[in-house]
Each structure stands twice: as C-alpha cells, then as structure tokens.
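Structural overview
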Amino acid sequence: MGRIFRCWGLVGLGNLIGSLIVAYLVAVSLTGNFSLELNAVAKKFIAVSTARSLGLKTWVWTDGSPVSFGASSVT
C-alpha cells in the first residue's frame, strides 16, 4: 500500500511541476519576457481565468450537502 501512495505522490509532484512550467511559459510568451505591455489576447486570457476561478458558486441544500457547481458569466 505504501508503494501506491509513493507512486501517486510522484504523479502529483510531477503534475505540479509541469503546471508551474506551463504557467511560466505562457506568462513569458504573452508578456514578452515580462517586458511588454499586455496585449489584447493576454488581457482577455487574464479576464477569463479570473472570472472562472472567482466566479464559482456552490448551491447548498438546507441540510448542508452541495447540489451543484457553476460559474457565473465570464463575458
């Protein structure tokens, strides 16, 4: 059982490292190595990402169990 957790731990760590690398590469490509003003694509990318992450809402029944997840409008 310990071997399974070790393998899943390595998978999670690899996923985290990979996502950080991709986020860095996207940031560098959209900002010209952080030296340019954001273009329209970068501004839209940031707006959509922020709206999706901050706009999540949870509807809860009266007993406290979650019903569904949904995003508010991203436009």
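As the structure is a prediction and not an experimental result, all values here were calculated from the model.

The subject of this paragraph is the overall build of the chain. Looking only at helices and strands, the chain features two helices and two strands. Across the chain, helices and strands are ordered from the amino to the carboxyl terminus as α-α-β-β. Within the chain, the proportion of its 75 residues that are buried is 7%. Expressed as a percentage of contacts within the chain between residues at least 6 apart in sequence, the contacts between residues at least 24 apart total 0%.

Right, let's get into the UniProt feature "transmembrane region" (unreviewed entry) in the chain. If you check UniProt for "transmembrane region" (unreviewed entry), the listed places come out as residues 7-27 in our numbering. Across residues 7-27, the secondary structure splits into 100% helix and 0% strand, with the terminal C-alpha atoms separated by 30 Å.

Our next topic: helix α1 (residues 2-31). Every α-helix carries 3.6 residues per turn, so stepping three or four residues along brings you back to the same face. Here α1 contains 30 residues, and its C-alpha end-to-end distance of 43 Å stays within 8% of the 44 Å for a straight helix at 1.5 Å per residue. Glycine 32, located one to two residues past α1, shows a positive phi value of around 60 degrees.

Another aspect to go through is the confidence of the model for the chain. Confidence in the prediction for the chain averages 75 pLDDT; 69% of positions are at 70 or higher. Within the chain, the lowest mean pLDDT, 50, falls on strand β1 (residues 56-60), and the highest, 90, falls on α1.

This brings us to a nonpolar patch on the surface. Nonpolar side chains collect at one region of the surface, where Leu10, Leu13, Leu16, Ile17, Leu20, Ile21, Tyr24, Leu25 and Phe34 lie side by side and expose about 930 Å² of accessible area between them. With respect to the element layout, phenylalanine 34 can be found in the loop between α1 and α2 (40-54). Residue class for phenylalanine 34 comes out exposed when judged on its relative accessible area of 52%.

Cut-off values and rules
- Residues numbered from 1 in each chain as written.
- Predicted model: local features only at pLDDT ≥ 70, side-chain atom pairs only at ≥ 80, totals over all residues.
- Heavy atoms only, no water.
- Helix = DSSP H or I, 4+ residues; strand = E, 2+ residues; numbered from the N terminus.
- Buried < 20%, exposed > 50% of the residue type's maximum accessible area, 1.4 Å probe, protein only.
- Contact = heavy atoms within 4.5 Å.
- UniProt positions renumbered as here; feature names shortened; annotations may be inferred.
- Expected span 1.5 Å × (residues − 1).
- pLDDT = per-residue confidence, 0-100.
- Patch = residues over 30% accessible without salt bridge, like charges linked within 9 Å, V, L, I, M, F, W, Y side chains within 5 Å.
- Areas by Shrake-Rupley, 256 points an atom, 1.4 Å probe, with all protein chains shown as cover.
- Salt bridge = Lys/Arg side-chain N within 4 Å of Asp/Glu carboxyl O.

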